[in-house]
Number of protein chains: 2
Amino acid sequence: MDRPVTSEAPAITTDIVLFTLRADALQVLLIRRRNEPFKGMWALPGGFIEPDEPLEDGAARELEEEAGISGVYLEQLCTFGRPDRDPRRRVISVAYYALAPADGLTPRAASDAEATGWFPANDLPPLAFDHDEMVNTARERLAAKLGYSTIAVQFLPERFSLGDLQVVYETILNRPLDKRNFRKRMLAIGLIEATRDERRNGNHRPARLYTARNPGEVEIIK
Amino acid sequence: MDRPVTSEAPAITTDIVLFTLRADALQVLLIRRRNEPFKGMWALPGGFIEPDEPLEDGAARELEEEAGISGVYLEQLCTFGRPDRDPRRRVISVAYYALAPADGLTPRAASDAEATGWFPANDLPPLAFDHDEMVNTARERLAAKLGYSTIAVQFLPERFSLGDLQVVYETILNRPLDKRNFRKRMLAIGLIEATRDERRNGNHRPARLYTARNPGEVEIIK
DNA sequence: GCAAAAGTGTTCCAGATACACCCATGT
DNA sequence: ACATGGGTGTATCTGGAACACTTTTGC
C-alpha cells in the first residue's frame with residue numbers, strides 16, 4: 001500500500017452541479033470550456049483540487065472562480081472515477097451539488113470558463129466528460145432529499161411565502177401538490193416560522209412571509 | 001515514513017467498511033497495519049488505487065488482497081479528503097461499505113495486513129487515520145438504508161428464515177420489532193419468496209426458508 | 001409433557017389524501 | 001366589480017403499531 005509511483009497518481013478534481021429555480025423550472029449552471037479537452041463544450045464548473053485544500057473548499061473555490069458564485073449550500077454527491085472519463089489522463093472527480101436561491105445570483109464567466117449560463121435540467125446541451133451522469137445523480141439526490149429533509153428552503157431567499165415554497169416542491173417533484181395539505185404539513189414540521197411581514201405582489205391578497213428556523217442548516221426530518 | 005511532501009498531486013486510496021453480523025452484533029472487519037504510518041494499529045482494509053482501475057474494483061481488490069474476502073455487496077459511501085488525514089502527504093480516500101453474510105467468510109491476513117479481525121461496531125479499538133469517522137458514516141447509512149431498501153438480505157445466505165431476517169433488522173436498529181408486523185411487512189413488499197424447504201434447528205418447529213427475489217440487487221422501496 | 005422457536009389476525013391510531021369556498025388586494 | 005393569488009377545515013383512507021395464543025419439533 002505504500003509508495004505509489006508519483007507519475008501514476010491520478011489527479012483529483014471537484015465538479016459542482018449548481019441548481020436554481022428560474023422561470024418555474026429547475027436549472028443547472030453550466031460553463032463553456034475555454035480549454036481542451038472538450039474546448040467550447042458546455043460542462044459543469046469544477047477543476048483541480050489544490051494541495052492543501054479541503055475538498056469542499058475546492059468545490060466552493062471553483063464555483064467562485066469560474067462563475068463568481070459563493071455562499072450557496074454545498075454537499076458532497078458522489079465520486080466519479082472511471083479510468084477513461086478524462087481523455088488526457090486518469091482524473092478522479094469528487095462531485096458536489098449546490099443550491100442557489102433564484103434571485104440575486106448572476107454568474108459571470110472567468111478563469112477556465114468562456115461563458116456561463118443557466119440551462120433547464122430537462123433540456124441540457126451535450127456535456128463534457130461524464131457530467132451528464134453527475135447531473136442525473138444530483139437530480140435524483142435532490143428529489144429524494146426533498147422528501148426527508150429541509151433542503152427546499154435553500155432555493156429561497158431569507159423570507160418567502162408558503163406559495164413560493166410550494167413552487168419549489170412542485171417544480172422539483174414535477175407534479176402539483178394540494179395547497180391545504182402542503183401548508184398543513186410544512187407548518188406541522190415546525191421548521192419555518194411566520195414573520196409579521198407580508199408581501200404585496202399584484203392584484204391580490206398579500207402573502208404572509210416566513211423564514212427558516214435554522215437558515216443554512218439542512219435537517220433530516222421524520 | 002519521512003517522505004517529504006514533494007508531489008503536488010494528492011494520492012487516492014479506497015477504504016472499505018465491511019460489516020457482518022456475528023454473535024448477534026454488528027461487526028466490522030479491521031486489519032492490523034504492518035507498515036507505517038500507524039504501524040501496529042487497527043485500520044480499515046484499503047489502499048492505493050491502481051492507474052487504470054475503476055474505484056469500486058480497487059475497493060474489491062483491497063478487500064481481497066488484505067483480507068481474502070470477495071463477492072460481497074459493495075457501495076460507495078463518501079470521499080474523505082481532509083488535508084491532514086494522512087501524516088505522510090495528501091491522500092484522498094474514497095470510502096466504500098460492504099456487507100457480508102455471517103457464515104463462510106473467514107478473513108485471512110495478507111499484504112499490508114499483519115492480522116485481521118472482526119470487532120463489534122459498538123466497541124472498536126482506536127483506529128488509524130480518520131477511519132472511525134468512516135465507520136460512523138457507514139453505520140448511519142446502513143441504518144437509514146434498512147428503512148427504504150432491500151439491503152438487509154445482503155447479510156444473509158441464499159436461503160434464510162423470516163426469523164433470521166428479523167434478527168438483521170433488530171441488530172442494526174438496536175431495538176426489538178414485533179414479529180407479526182415484521183412478517184406482514186416483509187411479505188407485503190414482495191421482495192422475498194418462500195421456498196418449499198424448511199430448516200429443522202433444535203427442539204422446536206422448523207422454519208420455512210425464503211430467498212431474495214433478486215439476490216445481489218439492492219432495490220429502493222416505498 | 002415440556003421447552004423453545006415458528007407461525008398467525010384484529011383492533012386502533014396517526015398521518016396522508018381528497019376536496020371547495022372565502023379573503024384581501026390592485027386595477 | 002372583477003380578477004388574482006392567499007388562506008382555511010373536515011371527512012376519509014391507509015399504513016404502522018399494539019397485542020396473545022396455537023403449532024411443531026427434539027428431548
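Residues numbered from 1 in each chain as written. Chains lettered and ligands numbered in written order. Predicted model: local features only at pLDDT ≥ 70, side-chain atom pairs only at ≥ 80, totals over all residues. Heavy atoms only, no water.

**Topic: the overall build of chain A**
- A tally of regular secondary structure across chain A gives four helices and ten strands.
- Beginning at the N terminus, the succession of helices and strands in chain A can be written as β-β-β-β-α-β-β-β-α-β-α-α-β-β.
- Referenced to the eigenvectors of the C-alpha coordinate spread, the extents of chain A come out at roughly 65 × 40 × 30 Å.
- Relative to its 222 residues, chain A shows a buried fraction of 49%.
- For chain A, long-range pairs separated by at least 24 residues make up 66% of all intrachain contacts whose partners lie at least 6 apart in sequence.
- When the accessible area of chain A is evaluated, it comes to approximately 11,100 Å², of which 45% is carbon and sulfur surface. (Helix = DSSP H or I, 4+ residues; strand = E, 2+ residues; numbered from the N terminus. Buried < 20%, exposed > 50% of the residue type's maximum accessible area, 1.4 Å probe, protein only. Contact = heavy atoms within 4.5 Å. Areas by Shrake-Rupley, 256 points an atom, 1.4 Å probe, with all protein chains shown as cover.)

**Remarks on the environment of Ala-60 of chain B**
- On the secondary structure map, Ala-60 of chain B appears in helix H1 (residues 55-67).
- Between the C-alpha atom of Ala-60 of chain B and that of Gly-190 of chain B, which follows or precedes it by 130 residues, the distance is 30 Å.

**Brief notes about the protein's contact with DNA strand D**
- Surveying the vicinity of DNA strand D reveals 20 residues, the closest of which are Lys-179, Asn-203, His-204 and Arg-208 of chain A together with Arg-205 of chain B.
- The share of sugar and phosphate among atoms of DNA strand D within 4 Å of the protein is 39%.
- At a separation of 3.3 Å, a phosphate oxygen of DNA strand D approaches a polar side-chain atom of Arg-183 of chain A.
- Asn-203 of chain A is positioned such that a nitrogen or oxygen atom in its backbone is 2.4 Å from a base oxygen of DNA strand D.
- Broken down by secondary-structure element, the contributors of at least two residues to the surface near DNA strand D are helix H4 (179-189) and strand E10 (207-212) of chain A together with helix H4 (179-189) of chain B.
- Top element by residues in the surface near DNA strand D is H4 of chain A. It accounts for four residues.
- In terms of residue class, the surface near DNA strand D is made up of three nonpolar, six polar and eleven charged. (Near = heavy atom within 4 Å. Polar contact = N/O pair within 3.5 Å; in protein donor to acceptor, adjacent residues only side chain to side chain. Nonpolar A, V, L, I, M, F, W, Y, C, P; charged D, E, K, R; others polar.)

**Considerations on the pattern of salt bridges**
Residue and element names in this part refer to chain A.
- For the coordinates displayed, the defined rule picks out 30 salt bridges over all chains.
- Residue Arg-199 pairs with Asp-164 through a salt bridge whose shortest N-O separation is 3.1 Å. Residue Arg-199 is found in strand E9 (residues 192-199), and its partner Asp-164 is found in helix H3 (residues 162-173); the two are separated by 35 residues along the sequence.
- With relative accessibility at 22%, the residue Asp-164 sits in the partly exposed group.
- Linked by salt bridges that have partners in common, Glu-53, Arg-61, Glu-62 and Glu-65 make up one network. (Salt bridge = Lys/Arg side-chain N within 4 Å of Asp/Glu carboxyl O.)

**Comments concerning the packing of helix H3 (residues 162-173) of chain B against H4 of chain B**
All names here are of chain B.
- Look at H3 against H4: their axes get within 11 Å of each other, and the N-to-C directions meet at 105 degrees. The pairing of H3 with H4 is recorded here as roughly perpendicular in orientation. Side by side, H3 and H4 meet where Leu-162, Gly-163, Leu-165, Gln-166 and Tyr-169 of the first sit next to Lys-179, Phe-182, Arg-183, Met-186 and Leu-187 of the second.
- The class makeup of the residues in the contact of H3 with H4 is six nonpolar, two polar and two charged. (Axes fitted to C-alpha atoms, helices over the stretch in contact; angles between N-to-C directions. Parallel < 35°, antiparallel > 145°, perpendicular 65-115°, else oblique.)

**So, the interface of chain A and chain B**
- Listed per partner, the contact involves 25 residues of chain A and 31 residues of chain B.
- Taking both partners together, chain A and chain B bury about 2,300 Å²; carbon and sulfur atoms supply 59% of that area.
- Here chain A is connected to chain B by zero salt bridges.
- Summed over the shared surface of chain A and chain B, the number is nine residue pairs in polar contact (both at pLDDT 80 or more). (Buried area = accessible area lost by both parts, 1.4 Å probe.)

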